[in-house]
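Okay, here's what each chain looks like letter by letter:
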Amino acid sequence: MNIGILSDTHGHLDPSIRQIFKGVDHILHAGDFGFASIILELEDIAPVTAVLGNTDDAGTGFKEVEAIQLGGRSFVLHHIVDPAHLSERMQLACLHHAPDVVVYGHTHQAHQEVRDGRLFLNPGYAGRRKGDERRTVAILRMGEEMEIDFIDLD
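Residues numbered from 1 in each chain as written. Predicted model: local features only at pLDDT ≥ 70, side-chain atom pairs only at ≥ 80, totals over all residues. Heavy atoms only, no water.

1. Comments concerning the sheet that holds strand 7 (residues 111–115)
- Read from one edge to the other, the open sheet built from five strands follows the order 4-5-6-8-7, with strand pairing classed as mixed. Edge positions in the sheet fall to strand 4 (65–70) and strand 7, since each has one partner strand and no second. Averaged over all neighbouring strand pairs, the angle between strand axes comes to 20 degrees, with direction disregarded.
- Note that strand 7 and strand 8 (residues 118–122) share five bridges and pair antiparallel. (Pairing = 2+ DSSP bridges. Helix = DSSP H or I, 4+ residues; strand = E, 2+ residues; numbered from the N terminus. Axes fitted to C-alpha atoms, helices over the stretch in contact; angles between N-to-C directions.)

2. Topic: unusual backbone geometry
- Positive phi values are uncommon outside glycine, yet Asp32 reaches one of about 60 degrees.
- By secondary structure assignment, the location of Asp32 is in the loop between strand 2 (26–29) and helix 2 (36–43).
- Positive phi values are uncommon outside glycine, yet His108 reaches one of about 65 degrees.
- Mapped onto the secondary structure, His108 falls in the loop between strand 6 (101–103) and strand 7.

3. Things to note about the environment of Pro83
- Assignment of secondary structure puts Pro83 in the loop between strand 5 (73–78) and helix 3 (88–97).
- Sequence separation between Pro83 and Arg118 is 35 residues, and the spatial gap between their C-alpha atoms is 9.8 Å.
- Excluding residues within four positions of it along the chain, Pro83 makes contact with Tyr104, Glu113, Arg115 and Phe120. (Contact = heavy atoms within 4.5 Å.)

4. Here's the deal with helix 2
- Taken residue by residue, helix 2 has Ile38, Ile39 and Leu42 as its buried positions. Down the axis of helix 2, the buried set is contained in an arc of 100 degrees. They therefore lie on one face.
- Its buried side turned inward, helix 2 meets strand 1 (2–6), helix 1 (16–20), strand 2 and strand 3 (48–50). (Buried < 20%, exposed > 50% of the residue type's maximum accessible area, 1.4 Å probe, protein only. Arc of directions from axis to C-beta.)

Keep in mind these numbers describe shape, not what the thing actually does.
Right, dumping it as structure tokens:
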């Protein structure tokens, strides 16, 4: 199973994402999507699970935390996560859902690390180019092992 992961689109879906995510089984958006229409565009590619970011309108109907099972693994999505110092809300989400993977955004920095047997994954920033800020998305390939590819948006 392949999962396309992105965050921080801030109202701009880069045209290359459609090709990059072609063939993925599911898409996870870790917040700050900007407009709900971004999620609708992504749903043309594959089913989407998305959460609110700190700049998103709560009236869109999305939640701040989502849990989902994909490919036999458990995921929790939340926009702002510090893997080294989990908020009380994230501690409770991890206790309740026992995720194998925590997907988050907010920092605009691609990052992966394993803590306490759990993968924390930030796909980076996928919005409009701002100066020389790196823009990335990720593809998580799940088989017996999980492999992550960070893909630069040019």
